[in-house]
Amino acid sequence: MSFGIMTAPMQVGYDEILRVWREADTVPEIEHAWLFDHLMPIAGDPDGPIFEGWTLLSALAAQTSRMRVGLLVTSNRFRPPAVLAKIATTVDIVSGGRLDFGIGAGSRPSHPLARREYDAHGLPYHGQADAVAALAEACTVIRRLWTAEAPFDFEGTHVRLTGAFGNPRPVQRPHPPIMIGGRASATLRVVAEHANVWNIPGGGDIDDLAGRSRLLDKYCTEIGRDPAEITRSIFLPVDYERPGVTRGKIAEAADAGFGHFVLGLANPYPDGVAQWVAEELIRRA
């Protein structure tokens, strides 16, 4: 099993997140660390502070040396895919080849506070079917920009590029691992085609999550891909007061076939929280 932490960069200061990441980087049991990708808070004070994910990730990558780093997950609707490929390449280089590239469809009509960040930043808001189709094209384009040896054109429904070329390339070859987050059936088809890792939020009905994983297996089989090539990842919120509850969720998810765990840390972060995670959650999992 692989364990990491996630610190949502909202309602919190940079120094607080940096403290947790620096500490976690010294704890061998914590193998990866994540931020999320929103432009306005989705919890707490709606007018409170929130940091841009990729900029912050690059800063944290420069101040750590061991953990893998990533966003859980990038909104494909916030940045043009070719620009995103360049941003991700930069972070992979800054980190010395430690980037896990997380991406998702973006538009979240199910979350009451998610819609406003599109309107507030002049970004188009699209329905689920359109967003998932755009995600598939984005994954195709980003992988080509990371690997193509010569400029290329791309003419899609959602992405159109002329003379596209990525230089420099990421440190990792052929490219950083791609994590796609989501649970919708259409998204799982994109996961089957493009992802190395699939992530889904946990904490709810484990039978439902296991059913989503089996559906991913089915889609992989349909396109001739071995389902075992895709690591199953789950996000689980940490309960500081009741670590046994969190350990129970970890065990439940592991029994359902999940092996990559992202443990969500709530702010304010207790002193020594990374070591506490290792002692109370990971070593006893």
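Positions within a chain are numbered from 1, following the residues in the order the chain's sequence is written. Per-residue local features are limited, in this predicted model, to residues with pLDDT of at least 70; the limit for side-chain atom pairs, both in listing and counting, is 80 or more; totals at the level of whole chains, interfaces and linings are taken over all residues. With hydrogens and water excluded, all non-hydrogen atoms of the structure serve as input to the side-chain values.

Draft legend 1. Representation of the overall build of the chain in the model. Comment: elements are numbered from the N terminus, with helices defined as DSSP H or I runs of at least four residues and strands as E runs of at least two. Each helix and strand in the chain was counted, giving nine helices and 11 strands. Over its C-alpha atoms the chain spans a radius of gyration of 18 Å, differing by no more than 12% from the 19 Å that the globule rule assigns to 285 residues. Reported as C-alpha extents along the three principal axes, the dimensions of the chain are approximately 55 × 40 × 40 Å. Note on classification: 1.4 Å probe, protein chains only; a residue is buried when its accessible area is under 20% of the maximum for its type, exposed when over 50%, partly exposed between these limits. For the chain, the proportion of its 285 residues judged to be buried stands at 52%. For this analysis, residues touch if any pair of their heavy atoms sits within 4.5 Å. Within the chain, contacts between residues separated by at least 24 positions form 74% of all contacts whose residues are at least 6 apart in sequence. Positive and negative side-chain charges of the chain, numbering 28 and 34 respectively, have mean locations separated by a distance of 3 Å. Throughout, radius of gyration means the C-alpha value; the globule benchmark is 2.2 Å times the number of residues raised to the power 0.38. The charged-residue count follows a simple rule in which Lys and Arg add positive charge and Asp and Glu add negative charge, with His and chain termini not counted at all. The atom standing in for a charge is NZ when the residue is Lys, CZ when it is Arg, CG when it is Asp and CD when it is Glu.

Draft legend 2. The packing of aromatic side chains, seen in detail. Each pair of aromatic rings taken from Phe, Tyr and Trp, with Trp reduced to its six-membered ring, is defined by centres within 6.5 Å and is described as stacked if the planes are under 30 degrees apart, edge-to-face if over 60, and tilted in the remaining cases. All told, the structure shown has seven aromatic pairs when counted by the stated rule. Taking the centre distance of 5.4 Å and the plane angle of 55° together, the rings of phenylalanine 78 and tyrosine 118 count as tilted. Note that phenylalanine 78 is positioned in the loop between strand 4 (74-75) and helix 3 (81-94) and tyrosine 118 in helix 4 (residues 115-120), a separation of 40 residues in sequence. The exposure class assigned to tyrosine 118 is buried, which follows from its relative accessible area of 1%. Arranged with centres 5.8 Å apart and planes meeting at 75°, the rings of tyrosine 240 and tryptophan 276 form a pair that is edge-to-face. In this pair, tyrosine 240 sits in the loop between strand 10 (231-237) and helix 8 (243-255) while tryptophan 276 sits in helix 9 (residues 273-282), placing the two residues 36 residues apart along the sequence.

Draft legend 3. The arrangement of the packing of helix 3 against helix 5 (residues 128-147) in detail. Each axis is a line fitted through C-alpha atoms, and for a helix only the stretch in contact is used; angles between axes span 0 to 180 degrees, taken between their N-to-C directions. As a packed pair, helix 3 and helix 5 sit with axes 9 Å apart at the nearest point and diverge in direction by 50°. With respect to helix 5, the axis of helix 3 lies oblique. Remark: the crossing between helix 3 and helix 5 carries right-handed chirality. Of helix 5, the residues touching helix 3 (which contributes Pro81, Ala82, Leu84, Ala85, Ala88 and Thr89) are Ala138, Val141, Ile142, Leu145 and Trp146. Side-chain classes are defined by residue name, with Ala, Val, Leu, Ile, Met, Phe, Trp, Tyr, Cys and Pro counting as nonpolar, Asp, Glu, Lys and Arg as charged, and the others, Gly among them, as polar. Each residue belonging to the contact of helix 3 with helix 5 can be placed in one class, and the counts come to 10 nonpolar, one polar and no charged. Angles below 35 degrees are treated as roughly parallel, those above 145 as roughly antiparallel, those between 65 and 115 as roughly perpendicular, and all remaining angles as oblique. A crossing counts as left-handed when the near helix is turned anticlockwise from the far one by less than a right angle, and as right-handed when that turn is clockwise.

Draft legend 4. Spatial organisation of the pattern of salt bridges. Salt bridge criterion: a side-chain nitrogen from Lys or Arg within 4 Å of a carboxyl oxygen from Asp or Glu. Following the criterion strictly, the structure yields 16 salt bridges and no others. Between aspartate 130 and arginine 77 there is a salt bridge, with its nearest N and O atoms 2.4 Å apart. Linking aspartate 130 in helix 5 with arginine 77 in the loop between strand 4 and helix 3, this pair joins segments that are 53 residues apart in sequence. By relative accessible area, arginine 77 is classed as buried at 15%. Through salt bridges with shared partners, a single ionic network connects Asp37, Glu52 and Arg79.

Draft legend 5. Fine view of the packing of helix 8 against helix 9. Helix 9 packs onto helix 8 with a crossing angle of 65° between their chain directions and a minimal axis gap of 9 Å. Residues Pro243, Thr246, Arg247 and Ile250 of helix 8 pack against Trp276, Glu280 and Leu281 of helix 9.

Draft legend 6. Fine view of the pairing of strand 3 (residues 68-71). Two strands pair under a simple rule: DSSP has to find at least two bridges between them. As defined by bridge partners, strand 2 (residues 32-35) adjoins strand 3 across four bridges and the pair is classed as parallel. Paired with histidine 32 across the strands is arginine 68, a residue of strand 3. Here a crossover is taken to be right-handed if, once the strands point away from the viewer, the path from the first strand over the helix to the second is traced clockwise. Note that the unit made of strand 2, helix 2 (residues 53-62) and strand 3 has a crossover that is right-handed.

Draft legend 7. Structural view of helix 9. Residues Val273, Ala274, Val277, Ala278, Leu281 and Ile282 constitute the buried set of helix 9. Axial view of helix 9: buried residues confined to an arc of 145°, hence all on one face. Buried residues along helix 9 sit in contact with strand 1 (2-7), helix 1 (14-24), helix 8 and strand 11 (260-265). Working definition: the arc comes from the directions between the helix axis and the C-beta atoms, pointing outward to the latter.

Draft legend 8. Quick look at helix 6 (residues 185-194). If you check which residues of helix 6 are buried, you get Thr187, Leu188, Val190, Val191, Ala192 and His194. Where helix 6 is buried, its residues touch helix 5, strand 8 (178-181), strand 9 (197-201) and helix 7 (206-222).

Draft legend 9. Broad picture of empty space enclosed by the protein. Note on definitions: the grid is 1 Å and covers protein atoms alone; a cavity is a set of points where a 1.4 Å probe fits but cannot get out; a pocket is an open set with protein on both sides within 12 Å along at least five of seven lines; lining residues have an atom within 4 Å of a point. Grid points are joined across faces, edges and corners, and a volume is the space filled by probe spheres set on the points. Across all of its chains, the model carries one cavity of 30 Å³ or more by this definition. Of the volumes computed, that of the largest cavity is approximately 40 Å³. Taken together, Gly202, Gly203, Gly204, Ile206, Leu209, Ile234, Leu236, Lys249, Glu252 and Ala253 make up the lining of the largest cavity. For the lining of the largest cavity, the secondary structure elements donating two or more residues are helix 7, strand 10 and helix 8. With three residues, the single largest contributor to the lining of the largest cavity is helix 8. When grouped by side-chain class, the residues that make up the lining of the largest cavity number five nonpolar, three polar and two charged.

Draft legend 10. Representation of the side chain of glutamate 117 in the model. If you trace the backbone, glutamate 117 turns up in helix 4. A polar contact of 2.8 Å, which involves the side chain of glutamate 117, links it to the backbone nitrogen of leucine 39. Excluding residues within four positions of it along the chain, glutamate 117 makes contact with His38, Leu39, Met40 and Phe78. Counting of polar contacts relies on pairs of N or O atoms within 3.5 Å, with two restrictions inside protein: one atom must be capable of donating a hydrogen and the other of accepting it, and residues adjacent in sequence are counted only when both atoms are side-chain atoms.

Geometry only, nothing functional implied.
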